[in-house]
Each structure stands twice: as C-alpha cells, then as structure tokens.
Amino acid sequence: MATRQIVNVDLVDVWAERGRKKLLRTLAWGDEVRVARQASTHIEVQFTNFVEQQDGSVLPETTTGFIEPSKSSGIKTADILIAPKDNRVLKVNFVDVQQGDGSVIETPKGRIVLVDGGDNQMFARYLAARFRGTTADKPQPVDCILVTHGDADHFSGLTQIFKSETHPTRRKRFFMQPARVYHNGLVKRPSNVAEKEQLGPTRIGGDGRTYLVGLEENLLSVSANEMNLPFKEWRAALTAYNKRSKVAFRRLEFGAHDAFDFLADENIRVEVLGPLTTKVSGKPALPFLGNPPKGPRVGHESLSVDDKPFKGFSASHTINGHSVVFRLSYGGFSYLFTGDLNDESSRFLAREHNKGNLNLMAEVFKVPHHGSADFSGAFLQAVQPIVSVVSSGDESARKEYIHPRATLMGALGKWSRVAEPLIFVTELVAFFSVEGMSKLTDAKKAAKRGDFFGFSRAAFGLVKTRTNGQRLLVYTDSGNVAMKEAYAYQLDGSGVPQPAEVVRA
C-alpha cells in the first residue's frame, strides 16, 4: 500500500521511466506524493500530474513515476521525502485571478486561509484542482476566509466557489466549509446611493473630519436591501454556509491579533496592522478618505508621512484605503498582505511604523492595489521587501487600469533592502501558447469578430512560496515542463536572509 510522504528538498523531478527518461513534472518542497516502492537509487511514487487533453484543457491526474536524483546533485533518496508528521513547510500561493486578488495560505498541519478571491471563476477552478474530490458530504474545511475589503475584484470570486457546487462538470465543483469570515466592516450600498452614504452612516469627529461609524461585525445581520449586488450574492452564499455549520464573523482592525490564535500552535504569528480605527461618539470609526492627486506622478511627494487628509470624498478610495493589512510571521520570514491600500492610508501606517507602534517590514510583500500609481513611497521604504508579488491582469477595455504602473515597479526595486530584489507580476508569469488562426464558437460573436489569431494559456500566473521559517523558496511554473523560475533564501547566523542555491534532485 502506498504511503503518504512530503517532498523535503526545493525541487524534485519525476520521470516516466527509470534512468531519468521522459520528465513528467517537477514537484516542490512541501508537495505530497504516495510512495509505492523505495530503493537506494530511486523511489516509485504516485503524484498529481497535469496532463493536456485533446481539446487543449489541462486536467489533474494521478500518475505513477520515478524520483531518481542525478549523481551530480549529491542527494540521497533517503533525504528527499519525509513523513507528514515531520513536515514544517508553510505554503503561500498567489493565484492569477486576472484583475483582482486571490491567495491561499496552507499551514504544515493543513489549515487553510483564503485571502480574497478575485471576481470570476478562476479562484474556484484553482481550488477545485488543488483540493480534488470535495463533495457536499465531504467539503474542504477552510479555517478562515479573509476579505481585505469590499471591492468585487477581491471577493465576488468567493461567491463563484459556492456556485461551483452545482457546476455540470464534476471536476469544476469545489465544496468548502469556512469556519471564520473576517473583513474590514465596510459594506457597499446600492449604486444609486449618494457618494457619502455609500459605506453607511457618518458623523463629524472632533477634528472636523467625516467618519464612518456604521462598521459591521456580522455580515448576515445586514439587510440585503442595504447591499450592492456583489455583497447580496456573497451574503446569500454565507447564509448557506452558515446553515450547514455556524460561521464566526469578525471585523478586523489594528491590534486584533487574537483573531488568528487558531494558528498559534504551529508557531505562526499574525499581526493585524490595519485598518486604523478611532472612536467617534463612543463608536469605532474610520475616516472618509479623499481623492489622490491625478497621476501617474513622477517624482511626487510619496515619501511624505504627513497626516494631512486628501481633499474631497471618495467612497472607492475609502474602502480601498481601509483594507485589512496583516503581517504573517513564521520563524525568520514574514509576509505582508495589503489589499488595495492606497497612498493616503499607507502614509498613516508608515507614520505609525516610524513611531515604533507597528512593524511593516516583511520579506514577502503582496503589493497593494495591483500595482496602482496611488502608492506611498514611505510605506514601501518601511516594508523593504525582498520578494514582491503584484496581482494584476487587465483583461478588457472596461477593466484596463494599466497595472502595474512603471513608477510603482521602480519604487519596489528602489526601496528593497537587497541589491537584486524579486518582483513578480501574476499576469506576466502566465504562459500563453500560440494557436494561430481561430474561430469563435459563439455564432453572434463569430459573425462580428470573424477569424482571429489566438493564444491559449498553458500555465497560469501562479507565484508559489514555501518556508519552514529558516529557508524560503519562491518559484513559478512555465509552459516548458523542464523549466522553473526558482529562487531560495536562507537565514544566516544573525537571522538575516541571504541568497541560497536552489536544490534540485
């Protein structure tokens, strides 16, 4: 009987035949296999392979292959795999969801945290392929869904997960049961509501600023009539999940670190750094934010950490600026997640960082707002990232934002703490194969569009990270099964990350 084992080196090639013939797939640190036979020179394993079908689709299949380290690697077969009980690898994957954000955190013990989910079916498809075989009777437990803020491109894809349960194609269904749903407390009203009322009731604070005072805790306690369409659909999905098993809802703000105590037994620490609330008339409140100067700006004042509010009232910049910001630490490596944080709110956080009230420095940085030009250089200077990930994917004229901006990309490099930082963009690490002249299957669209020169996506823009707290691996896939873009870092004796050689068996 095949026994479950975990890959314990950076990259491991799996071959169809003995003698390292016909490469099937390269597995990574923390991936799971089942061992059928193990010898001193090779290991026969069963693993998940992604196989192209006749129609061009790529499907996960259980495949048998051989791990046979090269003689030049100096790696022994006994060192390649470990028992699940000895696994210490934290996995954080940044998923290509086109215009939007979607990340999956998976702990060594198998706990799952979803951070946002895009606005289409791509996140649901990824999860259905990653956690195969879920059913209504055996849903995938999800320990937490964290929605950084209430823009559709960050959470409508979570509703698509619920809708996938009735998809006619079995492999595209993903059943889950969330235990917790965290959010920033802001709910968008219908589009016909006035700008200053879009995010709920407001009051004037003692400083003369306008503050949002209707922050919500349990989304199910909010009437559907007070929600825009994406929120209504998300509320309906949450209602169904809650009926199956009670879901704990919580509004997050700076200091709510105890919300992640469920990860403490794995030595994973999460600090909630934003949004920064204040008390107005005895209630927690968030300032209504204004409009940034028109951009993109070159040589602008983005290093400023002043607390002067931007002018005007902008519901969109307000909900973005009050995204949930959290810093996840595991051993000597940290990740900073920032939602759609913008210049005005980033300055608040940078100022608190400079005062020593919070720590923004992180090795891996989920870049705010898909690489928007509305950023704070002071904030980036505080983070000093080694690895930055931009989640973007301009997919139509309606969703064209020119993300990521050239100014932002330059600033990421400038303010990194290392000479050669890594900057990934999810849409750029995807791989598209040339298909040539193609036809649309939709008759109306075909009549309007005619034949066109087409491409198919052979590899999604997935940025994968692995760490045990002492070592960090960052890698992406490509259209060529033999190629990976992979980098590694190791803590030195002083606890400072240093570039390390990628170990490949």
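Please read all numbers here as calculations on a predicted model, not as lab measurements.

Draft legend 1. Region of interest: the overall build of the chain. A count of helices and strands for the chain gives eight helices and 31 strands. In summary, the chain has a C-alpha radius of gyration of 23 Å against a globular reference of 23 Å for 505 residues, a match within 12%. On the principal axes, the C-alpha backbone points of the chain span a range of 75 × 65 × 45 Å. Looking at the chain residue by residue over its 505 residues, the buried ones come to 54%. Considering only contacts in the chain between residues 6 or more positions apart, those separated by 24 or more positions represent 65%. Within the chain, one finds 65 positive and 56 negative side-chain charges whose respective centroids are separated by 3 Å.

Draft legend 2. Examining the packing of helix α1 (residues 122–130) against helix α2 (residues 152–163) more closely. Relative orientation of the contacting elements α1 and α2 amounts to 50 degrees, with a least axis distance of 7 Å. As far as their axial angle goes, α2 and α1 are oblique. Here the hand of the crossing between α1 and α2 comes out right-handed. Between α1 and α2, the contacting residues are F123, A124 and L127 on the first element and L158, Q160 and I161 on the second. Of the residues in the contact of α1 with α2, the class split is five nonpolar, one polar and no charged.

Draft legend 3. Spatial organisation of the sheet that holds strand β25 (residues 422–425). The six strands are arranged β18-β21-β22-β23-β24-β25 in an open sheet whose pairing can be described as mixed. A strand with exactly one partner marks an edge of an open sheet, and here the two such strands are β18 (268–274) and β25. Going across the sheet, the axis of each strand differs from the next one's by a mean of 15 degrees, ignoring polarity. In this structure, strand β24 (residues 387–390) lies alongside β25, joined through four bridges in parallel fashion. For V387, the partnering residue across the bridge sits in β25 and is L422.

Draft legend 4. Structural detail: the sheet that holds strand β10 (residues 112–116). Taken together, the 10 strands give an open sheet; going across it, the order is β17-β14-β12-β10-β9-β8-β28-β29-β30-β31, and neighbouring strands pair in mixed fashion. Two strands bound the open sheet, and with one partner strand each, they are β17 (248–251) and β31 (497–500). Between one strand and the next, the sheet's axes are offset by a mean angle of 15 degrees, whatever the strand orientation. When strand β28 (residues 463–467) meets strand β29 (residues 471–476), the two strands line up antiparallel, connected through five bridges. Its bridge partner lying in β29, T465 is registered against V474. Strand contacts of α1: β8 (90–94), β9 (102–106) and β10, with the helix running at about 25 degrees to β9, the strand carrying the most contacts.

Thresholds, definitions, all that
- Residues numbered from 1 in each chain as written.
- Predicted model: local features only at pLDDT ≥ 70, side-chain atom pairs only at ≥ 80, totals over all residues.
- Heavy atoms only, no water.
- Helix = DSSP H or I, 4+ residues; strand = E, 2+ residues; numbered from the N terminus.
- Rg over C-alpha atoms; globule rule 2.2 N^0.38 Å.
- Buried < 20%, exposed > 50% of the residue type's maximum accessible area, 1.4 Å probe, protein only.
- Contact = heavy atoms within 4.5 Å.
- Lys, Arg positive; Asp, Glu negative; His and termini not counted.
- Charge placed at Lys NZ, Arg CZ, Asp CG, Glu CD.
- Axes fitted to C-alpha atoms, helices over the stretch in contact; angles between N-to-C directions.
- Parallel < 35°, antiparallel > 145°, perpendicular 65-115°, else oblique.
- Left-handed = near helix turned anticlockwise from the far one by under 90°.
- Nonpolar A, V, L, I, M, F, W, Y, C, P; charged D, E, K, R; others polar.
- Pairing = 2+ DSSP bridges.

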